[in-house]
Amino acid sequence: MKNQSVIKLILSSAFLLLVISLNSFAQVAGAKHTKLVDLFVMGRIEDCLDKAYKIAGNEKYKSESEPYLWIALCLIECTKDSELEEFYPEQKTTKTAIKYGTKFKKNDDKIKKKGGEYIYDQNIDFMYELIELGLIEGKSYLAMDNYTKSSYYYKLVVKLDPSNQECKMINGVLFLYNKNKEGVALVESSMDYFKEQAEMGGYEVNPKSERAFYDGFMYYSKYLQSKGRNAEAFEVIALAIKLDPENAKFIARYKQLSGE
């Protein structure tokens, strides 16, 4: 229990530092709701949040994606304000922000499909800030072997960018830990992708989702070993090293499995 508390404290500190480091002047790119822009720029974050909630709940704007992104952005801003800490507790508020990020993505995809003016690509940096926050939260539960709560966050980050292979991998791995058979196809698909990347000569990990990359390979290897599939566990780590040759933890795991 003591070790779990230390792990939780370390991950919570990383989480806090990331939230603090988010650009305080960041705002929604391609925004059309000028009232929200004005409120945000003037630092009236709660007013901007309330206005965004009202717009999102208005039947007239139900098909828009922008209001949901404003809600996510304002919620993250609220976690950085010490005066609002009582009303916007960090973990709960960030969880809500990520959920609204997925609502934004869902609506924006519909707009894109219809040939409308979608804004996802313009706001990809903020989406990856949400992804990183989600991965930190997911890892905090994974470190305590709480696979159900951990999987909750990994499923959310995949929705923020379904094309991200690192996030797809860890999501699939957690499905396996939760005895969800869907995890087999998800992990195999990601492994095929990473094998192709290795054959092409390497892989550049997205800095914002590197936690998913590392944990995906490490926990998949551990899962296979727990099932007595040691040779496969070794192959997974061998592939990980091909993709990231200087990763000390991959190397240590490789030596452990090879008996060096």
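Everything in this summary refers to the structure shown in the same document. (Residues numbered from 1 in each chain as written. Predicted model: local features only at pLDDT ≥ 70, side-chain atom pairs only at ≥ 80, totals over all residues. Heavy atoms only, no water.)

Along the polypeptide, Asn107 turns up in helix H5 (residues 90-113). Sequence-distant contacts of Asn107, that is, excluding residues within four places in its chain, are made with Lys62, Ser63, Glu64, Ser65 and Tyr68. (Helix = DSSP H or I, 4+ residues; strand = E, 2+ residues; numbered from the N terminus. Contact = heavy atoms within 4.5 Å.)

Attention now moves to the pattern of salt bridges. Counted according to the given criterion, the structure contains 10 salt bridges. Ionic pairing is found between Lys32 and Glu117, a salt bridge with its closest N-O pair at 3.2 Å. One end of the pair, Lys32, is in the loop between helix H1 (2-21) and helix H2 (34-41); the other, Glu117, is in the loop between H5 and helix H6 (124-142), with 85 residues separating them in the sequence. Among the residues examined, Lys32 registers a relative accessible area of 59% and is labelled exposed. Across the pair Lys80 and Glu77 runs a salt bridge whose closest N-O atoms are separated by 2.9 Å. Exposure remark for Lys80: the relative accessible area of 26% places this residue in the partly exposed category. Among the charged side chains, a network of salt bridges with common partners joins Glu129, Glu132, Lys208 and Arg211. (Salt bridge = Lys/Arg side-chain N within 4 Å of Asp/Glu carboxyl O. Buried < 20%, exposed > 50% of the residue type's maximum accessible area, 1.4 Å probe, protein only.)

Positive phi, close to 60°, is recorded for Asp145, a residue that is not glycine. On the basis of relative accessible area, Asp145 is assigned to the partly exposed category, the value being 49%.

Attention now moves to the packing of aromatic side chains. Between two aromatic rings, the relevant description is the distance of the centres plus the angle of the planes. Applying the stated rule across the entire model yields 20 aromatic pairs. Taking the centre distance of 5.4 Å and the plane angle of 70° together, the rings of Tyr193 and Phe194 count as edge-to-face. Looking at Phe194, the relative accessible area reads 1%, which means it is buried. Residue Tyr193 is classed as partly exposed on the basis of its relative accessible area of 26%. Ring-pair connections join several aromatic residues into one group, and the members of that group are Tyr193, Phe194, Tyr203, Phe213, Tyr214, Phe217 and Phe250. The aromatic ring of Tyr152 is capped on one face by Lys95, whose charged end is 4.8 Å from the ring centroid. Positioned above the aromatic ring of Tyr219, the side-chain terminus of Lys222 is 4.8 Å from the ring centre. (Phe/Tyr/Trp six-rings, centres within 6.5 Å; stacked < 30°, edge-to-face > 60°. Lys NZ or Arg CZ within 6 Å of the ring centre and 35° of its normal.)

With that settled, the discussion passes to helix H8 (residues 165-177). Spanning 13 residues, H8 covers 19 Å between terminal C-alpha atoms, matching the ideal 18 Å at 1.5 Å per step. Buried residues dominate H8, accounting for 12 of its 13 residues. Among the residues of H8, Gln165, Glu166, Cys167, Met169, Ile170, Asn171, Gly172, Val173, Leu174, Phe175, Leu176 and Tyr177 are the ones counted as buried. Along its buried surface, H8 packs onto H6, helix H7 (147-160), helix H9 (182-199) and helix H10 (210-226). Of the residues that open H8, the one with a side-chain oxygen 3.0 Å from the backbone nitrogen of Glu166 is Asn164. In the stretch just after H8, Lys179 is the one whose phi turns positive, near 60°. (Expected span 1.5 Å × (residues − 1). Polar contact = N/O pair within 3.5 Å; in protein donor to acceptor, adjacent residues only side chain to side chain.)

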